[in-house]
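Next come the chains, spelled out residue by residue.
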Amino acid sequence: MDIRSLRYFITTVQLNSFTQAAESMHVTQSTISKMVRQLEDEVGEALLIRQGRKLVLTDAGRIVFERGQEMLNSMRLLSTELTDTRALQRGRLTVGIPPMINLLFTPVLKAFRERHPDIELSLREDTGQVIERLVATGELELGMTVSPVDPSLDLQSKEVAKFPIWAVAKPDTFRRNASSIKLSNLASMPLVLLKDEFALTRALRQVFQQHGLEPVIAAQSGQWDWLLSMASAGVGVALLPEPFIHRLNGVEVAAVRVVEPDIHWRLAHIWNGRYLSHAARAWVELCQTMLTGSGHWL
């Protein structure tokens, strides 16, 4: 079966017009008609029937259309994979990164550009849960999120770094000279958390639930610095990863580590289990080298 005639046929069906298909493929309408007839001759029966201005698929036409799309997608994937052998000298990579994580990846971004200057790298910022959905649908090849990943999305994941969670509040909120606080003690305190669409909040809620605790949430925000502001004003206790504790910049707060259980901010790469480009693999490998087991702000 000729791939070109199959491509013309599928375009005609998608646009429901020989004329528009010809314009889209930059050929004459007679060429489109000839190719569709050629395909019908190869199949041995009609694939399209005209009904007024509409084109209707026959039973055979529907099969050829559906399977033909799969064949063309396979051809595109083949082309991508072949071209991708040169991806580290030429290529594109878009990585989805949640706003809270992006600061951590500044040194990785710098190192990647230095090592692979010919790769066009861009970052797409959104919440972890949105990034997960974009990767699951294939809109993004690679993303970052906070573990655990939504199990309903059937994503592949690989942890690259983890940091302990700290409780932050106005001075004198915690026991004098305390360096830690139990999760059970936090359950009775008002908390200020990131909004529910953030993967960190999802992870925190899961930990509370696993230990039979119901958190008292006083307020939520989409900005970690606003959480700090509310915590220092006494609105509630903020729960933030250790890297942000190192960036307090003189804010008058008390900070203690959450224990029993130890809770960690686990950062993971996610992809949908399909083809992962060489550029994406290079990014993952660099992150593994620079971040895995670091446990501190780079």
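How each quantity is defined
- Residues numbered from 1 in each chain as written.
- Predicted model: local features only at pLDDT ≥ 70, side-chain atom pairs only at ≥ 80, totals over all residues.
- Heavy atoms only, no water.
- UniProt positions renumbered as here; feature names shortened; annotations may be inferred.
- Core = buried A, V, L, I, M, F, W, Y, C linked by side-chain atoms within 4.5 Å.
- Buried < 20%, exposed > 50% of the residue type's maximum accessible area, 1.4 Å probe, protein only.
- Domains from an automatic or database assignment.
- Contact = heavy atoms within 4.5 Å.
- Buried area = accessible area lost by both parts, 1.4 Å probe.
- Polar contact = N/O pair within 3.5 Å; in protein donor to acceptor, adjacent residues only side chain to side chain.
- Helix = DSSP H or I, 4+ residues; strand = E, 2+ residues; numbered from the N terminus.
- Salt bridge = Lys/Arg side-chain N within 4 Å of Asp/Glu carboxyl O.
- Pairing = 2+ DSSP bridges.
- Patch = residues over 30% accessible without salt bridge, like charges linked within 9 Å, V, L, I, M, F, W, Y side chains within 5 Å.
- Areas by Shrake-Rupley, 256 points an atom, 1.4 Å probe, with all protein chains shown as cover.

Per an unreviewed UniProt entry, the recorded name for the protein is LysR family transcriptional regulator, and the organism is Duganella aquatilis. According to its UniProt record, the protein has this under Sequence similarities (unreviewed entry): "Belongs to the LysR transcriptional regulatory family."

A.B. asks: Sorry, what's going on with the nonpolar core here?
C.D. replies: As a rule of thumb, nonpolar side chains are buried together in soluble globular proteins. Among the nonpolar cores identified, the biggest contains 71 residues, and F105, L239, W265, L267 and W283 are the most heavily contacted of them. A domain-level breakdown of this core finds at least three residues from each of domain 2 (74-160 + 268-292) and domain 3 (162-265). Beyond its immediate stretch of four places on either side in the chain, L267 contacts I101, L104, M144, T145, V146, K158, E159, V160, A161 and F163. The next biggest cluster of nonpolar side chains, apart from the first, holds 20 residues, and it includes Y8, V13, V36 and L48.

A.B. asks: Help me out: how do you make sense of the domain arrangement of the protein in this one?
C.D. replies: Domain parsing of the protein yields domain 1 (3-69), domain 2 (74-160 + 268-292) and domain 3 (162-265). Using only C-alpha atoms to locate each centre, domain 2 and domain 3 end up separated by 29 Å. In this complex, domain 2 contributes 15 residues to the contact, which on the side of domain 3 involves 17 residues. Here domain 2 meets domain 3 over a buried area of about 1,300 Å², counting both sides, of which 68% is carbon and sulfur. Looking only at domain 2, the three residues that lose the most surface to domain 3 are M100, Q129 and V146, adding up to 49% of its buried area. Summed over the shared surface of domain 2 and domain 3, the result is 6 residue pairs in polar contact (both at pLDDT 80 or more). Residue assignment for the side of domain 2 that touches domain 3 shows that the elements contributing at least two residues are helix 5 (99-102), helix 7 (128-137) and strand 5 (142-146).

A.B. asks: I tried to follow the pattern of salt bridges on my own but got confused; where do I start?
C.D. replies: Opposite charge on two side chains allows them to pair when their charged atoms are near. Within this structure, the stated rule accounts for 9 salt bridges. The shortest N-O distance in the salt bridge between R67 and E70 comes to 3.3 Å. Remark: E70 and R67 occur in helix 4 (residues 59-83); sequence separation between them is 3 residues, near one turn of the helix. With a shortest N-O distance of 2.7 Å, K110 and E114 are connected by a salt bridge. On the criterion of helical spacing, the pair formed by K110 and E114 is a turn pair, its members being 4 residues apart in helix 6 (residues 106-115). Comparing K110 with E114, the two get one shared label, exposed.

A.B. asks: Could you clarify how one ought to interpret the pairing of strand 12 (residues 264-271) in this entry?
C.D. replies: Remark: a regular strand shows side chains that alternate across the two faces of the sheet. Here strand 12 lies mainly inside the structure; 6 of its 8 residues are buried. Here strand 5 pairs with strand 12 via 4 bridges, running antiparallel. Along strand 12, the bridge assignment pairs V146 with L267. The pairing of strand 6 (residues 156-169) with strand 12 spans 8 bridges and is classified as antiparallel. For K158, the partnering residue across the bridge sits in strand 12 and is H269.

A.B. asks: Just checking my understanding: could you explain a nonpolar patch on the surface for this structure?
C.D. replies: On the surface, a nonpolar cluster with roughly 280 Å² of combined accessible area is contributed by M75, L78 and L82. By the element assignment, L78 lies in helix 4.

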